[in-house]
Amino acid sequence: KPNLENTILRSLNKAQHRAVTSEASTVAILAGPGSGKTHTLTSRVVWLIQHMGYRPSDVIVATFTIKAAREMKERIGKLLGEEVEKKIILGTFHSIARRYLSIYGRHIGLESKFNIADDGDSKAIIQRICKRLDLKVEPSYAKAWISKKKAKGTPPVNAPKSQKNKKQEHPDLARCFAEYQDHLERSNLVDFDDLLVKCVELLRKNPECVSNVQTVLIDEYQDTNGIQYELMKLFAQARERITIVGDPDQSIYGWRSAEVRNLYRLLREYPETEEVSLEENYRSSQYILDISLQVIEEDKNRYKKVLRPVHTKCTQPVLRSLGSTSTEGEWIVSEIKRLGMMFGGMLKNEDVAILLRSASLSRHIESALGKAGVAYQMIGGKKFYERREIKILLDYLRAVHQPDNNDVIARIINVPRRGVGDVTVKSLLEEAEQAKISVWVVLCKHCRGERRASTNIRANMEQRLSSGLLNTIFTLRKKADAITEDGAVTLIDLIDSLLNQLSFKRYLELEYPEEHETRWANVQEFMNLVKDFMRDYSQMNTDELPEIDNVTQTKEDDILGKFLANVSLASDAQRDDGDGDKSSMVTISTIHAAKGLEWPVVFVPSVYVGSIPHSRSEDIEEERRLLYVAMTRAQAMLYLSCPLYGPQGLSNKVELSNFVAPFASKAFAARGPSIDKKVLESVAKILGREAPPEKRVFDNLPSMFSPEDDTFPLSPIDPKNSDGTEENGEQHYARAPKRQRKDTEKC
Ligand code: ATP
Ligand code: MG
């Protein structure tokens, strides 16, 4: 048995100690980032089992992500042994609910081996229902609507109209909901939302399923939604012993029906709750904490909390202005490399995270890392070329370039949906195989009326394929042939026409009702990638080839082939790093997925109006909280950056985010810090690592990023406001963009 006094308790401060050992039935720990909430929650689990004698299998711990659950298990395992750790019911709400349903589901008519309907299955079921009953609602909209209702814990029978969206709520929606539910039940299917809904139903009907549960503990409580709140109460119904930890300032899932109100509901429904606040921040340097608090304190309606740093100032956070998003990516890479050299092994790439407001911003960063050979992993999103919408566009371009590629044709034949099923695809492949020609040629033959007598393909299917897929590809091939050197038709025109032919925006709206805007943003980013390629391509023509009078130097008409080859290489580079050594990998993550995590060095790029706050967000304060979450992930070094122009280039001038603009001149340094012995030591102290021996310390390496490559909307030194230097020789931003750079055309 571990000696708790010497292990966990000794490392806790007073308030944490009180929370861990509290005998109150309900404990609420409300505190800011890095104050050790998760640490305290884990310690309480250990305390309850070890000291209070709770049986591990009677303890439920709900975390927000699978990654967080894994980390918690690891820590408990270390302290109590793997065997005990395995018995604890620890996971996300969904995984805990699935477990109860597979054990007790038959009490509510579920077979123990129920199937989980994934997103695609649900969509198909709803589509069939809408068609069969001739419902006047868009199937994908109905799906999103049903999911929202379920998250709120509303049963299908009396799903009421919400006041907000009264106009859109057609009566057929409720009917579709009821029919869909009926179908799932008859087929013994459970969709993702239903895992929670059904578990609520089970536990209401059969409270004995959880009669053994002695206590329930929940991390990241501020982001629970209505149905999760219900579940928490039901899990705890036998003893009503609940511990929650959370921070209203970090509630960032309002868009997914999370309700901060659940916090006040808990305090109301469990009036005996002991509230504990933790006031020391153990994660970040004083500078990082100060500036993060300045950002969040602008939200005047928030509930104020005390949060004091335990660490020293360390280096001042940097706010860097750059000419374009590509120079922003290059700057980040150069700074990562500089840190790697300066810290001589104390900081590895795995210590660095680049946190993005939207996944679509990752392309420039990925490309800069790729070019510099820096491996990276992505959490909370797919790498750019692995995203569905990008794959579809690339497949179409591949088909235009080389239609004899059967795999590509098979992938796009029913995208967007043309009613072409697997059976048709199989017959086409067989026909092609027998005649030893490509599927494309088989399709062309069919559509010219040269059908084989033995074919299984019906005439109306031929019609559909001819007017859909074939027409599209033929039109685009004509366009591709017309890409001429004088630029009358360009690659961009080709892709524009592809998007039109496919009605791609509409397609994304229908297929991805909840995330079509993000996906469309990726498509826009794809267009930017094409533009970049075209610029590089034209530069290459003039720069690298000798000039010979009257001779055409490159065959412009193969630009599509070159572009596709370029993309294949870039996406291959992305794939390769999958199995690599994790310690050499930088992390790219969305801010949402970075919740609860921490890194020694954090970059938050593209801090401009439209990105954060996001142009499509309806809740400006949630955007501020997002930036706060991002900044408070950093332990020792924090870098924010803002390009002068957004992803669309010169036509897309952007402004520094209003969340940081008020402090830009005072609180941030304009450039990366000088790294001297003092800095090395304070970083080592924050991270609890050993500073490199003195002989490892090089003379300060200046940033390898040429100052010629960046542009300043804010001039770095203004003698009236500041003397331009701080303790570490850092510079401050001043206000006015007085200086017009010569090299803006570089952007
Ligand atoms: P977030 O709100 O971001 O989820 P949190 O409040 O859950 O943050 P933790 O992740 O638990 O904070 O802790 C932040 C860091 O502080 C961790 O590295 C943790 O190990 C450390 N820490 C927590 N409490 C103490 C303590 N009493 N002494 C030293 N380090 C601590
Ligand atoms: Mg936490």
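Residues numbered from 1 in each chain as written. Chains lettered and ligands numbered in written order. Predicted model: local features only at pLDDT ≥ 70, side-chain atom pairs only at ≥ 80, totals over all residues. Heavy atoms only, no water.

Participant: Sorry if this is basic, but what is going on with empty space enclosed by the protein here?
Facilitator: Rolled over the atoms, a probe with the dimensions of a water molecule shows which regions are left empty. As enumerated under the stated definition, the model contains 4 cavities of 30 Å³ or more in all. Each pocket or cavity is described by its volume, and for the largest cavity that value is around 60 Å³. Every residue along the wall of the largest cavity is listed here: T325, E328, L356, S360, L361, H364, I365, E525, P605, S606 and P647. Contributing elements (two or more residues each) for the lining of the largest cavity: helix 13 (325-342) and helix 14 (362-371). Residue classes in the lining of the largest cavity are distributed as 5 nonpolar, 4 polar and 2 charged. (1 Å grid on protein atoms, 1.4 Å probe; cavity = no way out; pocket = protein on both sides within 12 Å on 5 of 7 lines; lining within 4 Å. Points joined across faces, edges and corners; volume = space filled by probe spheres on them. Helix = DSSP H or I, 4+ residues; strand = E, 2+ residues; numbered from the N terminus. Nonpolar A, V, L, I, M, F, W, Y, C, P; charged D, E, K, R; others polar.)

Participant: Just checking my understanding: could you explain the packing of aromatic side chains for this structure?
Facilitator: Centre distance and the angle of the planes are the two values used to describe a pair of aromatic rings. This model, assessed by the stated rule, comprises 12 aromatic pairs. With centroids separated by 4.9 Å and ring planes inclined at 50°, the aromatic side chains of F64 and Y253 adopt a geometry described as tilted. On the criterion of sequence distance, the pair formed by F64 in the loop between strand 2 (59-63) and helix 3 (66-80) and Y253 in the loop between strand 7 (242-246) and helix 11 (261-269) is long-range, its members being 189 residues apart. Seen from their ring centres, F533 and F563 are 5.2 Å apart, and the 65° between their planes marks the pair as edge-to-face. Note that F533 is positioned in helix 22 (residues 516-544) and F563 in helix 23 (residues 559-576), a separation of 30 residues in sequence. An identical accessibility class is assigned to F533 and F563; each is buried. (Phe/Tyr/Trp six-rings, centres within 6.5 Å; stacked < 30°, edge-to-face > 60°. Buried < 20%, exposed > 50% of the residue type's maximum accessible area, 1.4 Å probe, protein only.)

Participant: It is not clear to me how helix 12 (residues 286-297) should be interpreted in this structure. Could you clarify?
Facilitator: The terminal C-alpha atoms of helix 12 lie 16 Å apart, and with 12 residues this matches the ideal 16 Å at 1.5 Å per residue to within 8%. By the burial criterion, the buried members of helix 12 are Y287, I288, L289, I291, S292, L293, V295 and I296. Buried-residue contacts for helix 12 involve strand 9 (280-281), strand 10 (308-309), helix 24 (620-631), strand 16 (634-643) and helix 25 (664-667). (Expected span 1.5 Å × (residues − 1). Contact = heavy atoms within 4.5 Å.)

Participant: Explanation requested: the pattern of salt bridges in the structure shown.
Facilitator: Close approach of charged atoms allows side chains with opposite charge to pair. The full count for this structure, using the stated rule, is 37 salt bridges. In this structure, K305 engages D247 in a salt bridge whose closest nitrogen and oxygen atoms are separated by 2.7 Å. Of this pair, K305 sits in the loop between helix 12 and strand 10 while D247 is found in the loop between strand 7 and helix 11, placing the two residues 58 residues apart along the sequence. Just as K305 is buried, D247 falls in that class too. Here the residues in one salt-bridge network are R204, E230, K233, R265 and E269, joined through shared partners. (Salt bridge = Lys/Arg side-chain N within 4 Å of Asp/Glu carboxyl O.)

Participant: Would you mind going over unusual backbone geometry with me for this structure?
Facilitator: Trans is the common state for peptide bonds, and a negative phi is the common state for residues other than glycine. In this chain, V415 is followed by P416 through a cis amide linkage whose omega measures -5°. Look at the link from I612 to P613: it is a cis peptide, with omega at 5°. Among the structural elements, P613 can be located in the loop between strand 15 (599-604) and helix 24. Backbone geometry places C314, a non-glycine residue, at a positive phi of 65°. Locating C314 in the fold gives a position in the loop between strand 10 and strand 11 (318-322). Judged by relative accessible area, C314 falls into the buried class, the value being 9%. In this model, K436 sits at a positive phi of 55°, which is unusual for a non-glycine residue. Relative to the helices and strands, K436 is located in the loop between helix 17 (422-435) and helix 18 (439-447).

Participant: Looking at this model, I keep getting lost on the packing of helix 10 (residues 226-235) against helix 11. Mind explaining?
Facilitator: Any two packed helices are characterised by how steeply their axes cross, that is the angle between the axes, and by the distance between the axes. Where helix 10 contacts helix 11, the two axes come as close as 11 Å, and the packing angle between them is 30°. Relative to helix 11, the element helix 10 is oriented roughly parallel. Where helix 10 crosses over helix 11, the two elements pack in a sense that is right-handed. When helix 10 is examined against helix 11, the residues G226, Y229, E230, M232 and K233 are found in contact with a partner set consisting of N262, R265, L266 and E269. Counted by class, the contact of helix 10 with helix 11 contains 3 nonpolar, 2 polar and 4 charged residues. (Axes fitted to C-alpha atoms, helices over the stretch in contact; angles between N-to-C directions. Parallel < 35°, antiparallel > 145°, perpendicular 65-115°, else oblique. Left-handed = near helix turned anticlockwise from the far one by under 90°.)

Participant: Any chance you could explain the site of ligand 1 here in plain terms?
Facilitator: Lining the immediate environment of ligand 1, one finds 19 residues, of which S11, K37, T38, E598 and R633 sit closest. A distance of 2.8 Å separates a nitrogen atom of ligand 1 from a polar atom in the side chain of Q16. Backbone polar atom of H39 to an oxygen atom of ligand 1: 2.8 Å apart, as the coordinates give it. When ligand 1 is considered free in solution it has 640 Å² of accessible area, and contact with the protein chains removes 80% of it. Looking at the shell around ligand 1, its residues break down into 3 nonpolar, 11 polar and 5 charged. (Near = heavy atom within 4 Å. Polar contact = N/O pair within 3.5 Å; in protein donor to acceptor, adjacent residues only side chain to side chain. Areas by Shrake-Rupley, 256 points an atom, 1.4 Å probe, with all protein chains shown as cover.)

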